[in-house]
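Observations on the three-dimensional arrangement
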Amino acid sequence: MRFFITKTLFYLKKCYLFKIMLEPFLSYHRKLVIAEEKVKFLENSDVVFNTVIQLLKKNGIHVWLDFGTLLGAYRDSDFIKNDFDMDFGAFGTDYDKIKTLMQENGFTSVREFFIAGHEYGRELTYRYNDFFFYYKKDDTDNLYTYTFSCPPNILLEKGIELPAIVAEIKTPCKGFTEMNFKNTIVQIPANTDEYLKANYGEGYMTPDPNFNYVTDSPNLTWYSQEEISAKCIIYN
């Protein structure tokens, strides 16, 4: 059924008028896809997680658990139940290595975000995996990265480049330590409590089903397209 819906939308969405008229249906379709992805993620998450970690370790690439994956590991000792991907932090200097390794080992590219003319302003998304690239820009303990957003009505498009809006994320990071998660030794921020408070607020240890990172996170600074020019490439 979902295959038929997807094929039908592939043809109809090319017409702008149809796209406007079908937006409620497109929204329903996106929710259906996300719901299915959540189920598949939870079924395969442990295997995919260990595969990614071992691949990066073998190639000497330093990554750490980030955002929702770090929150779940630290608070729940598991992935968050309503999540459908894994979040990893990495340094911007490893962007090319990570992109090459993931492609060479068969991971499906979903989308890529980047800031025009910015060496480290990037985000890579693969099926079940999201990589955020950090850098230092001052003498404090803060690391900086970016998150991006595209208009929701373009999520069915593939193989195109689209404008995106960007938010800067500033997070205190005082080095890294090890944690055993899913029977694998992984890296997490040494100041994980402070790190998570910066992203999710003081009450992060209590699950909040209404928390929206885009609107509720205390450490996001959003910019307009005029202030920072960013792009999104949709692959799948």
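Residues numbered from 1 in each chain as written. Predicted model: local features only at pLDDT ≥ 70, side-chain atom pairs only at ≥ 80, totals over all residues. Heavy atoms only, no water.

It is worth spelling out the confidence of the model for the protein chain at this point. For the protein chain, the average pLDDT comes to 84, and 79% of its residues sit at 70 or higher. At the level of individual helices and strands, the protein chain shows its lowest average pLDDT in helix α1 (residues 2–12), which scores 47, and its highest in strand β1 (residues 63–65), which scores 98. Below a pLDDT of 50 lies the segment residues 1–5, which in the model reaches 7 contacts outside its immediate sequence neighbourhood of four places, other chains included. Under a pLDDT of 50 for its full length, residues 7–13 has, in the predicted model, 10 contacts with residues more than four places off or in other chains. (pLDDT = per-residue confidence, 0-100. Helix = DSSP H or I, 4+ residues; strand = E, 2+ residues; numbered from the N terminus. Contact = heavy atoms within 4.5 Å.)

Among the structural elements, Tyr144 can be located in strand β6 (residues 142–149). A residue is classified by how much of its surface remains accessible, and Tyr144, at 5% relative accessible area, is buried. The sequence separation of Tyr144 and Pro172 amounts to 28 residues, and the corresponding C-alpha distance is 8.8 Å. Leave out the neighbours within four places in its chain, and Tyr144 touches Phe133, Tyr134, Tyr135, Lys137, Asp138, Glu168, Ile169 and Lys170. A distance of 2.7 Å separates polar atoms of two side chains, one belonging to Tyr144 and the other to Asp138. (Buried < 20%, exposed > 50% of the residue type's maximum accessible area, 1.4 Å probe, protein only. Polar contact = N/O pair within 3.5 Å; in protein donor to acceptor, adjacent residues only side chain to side chain.)

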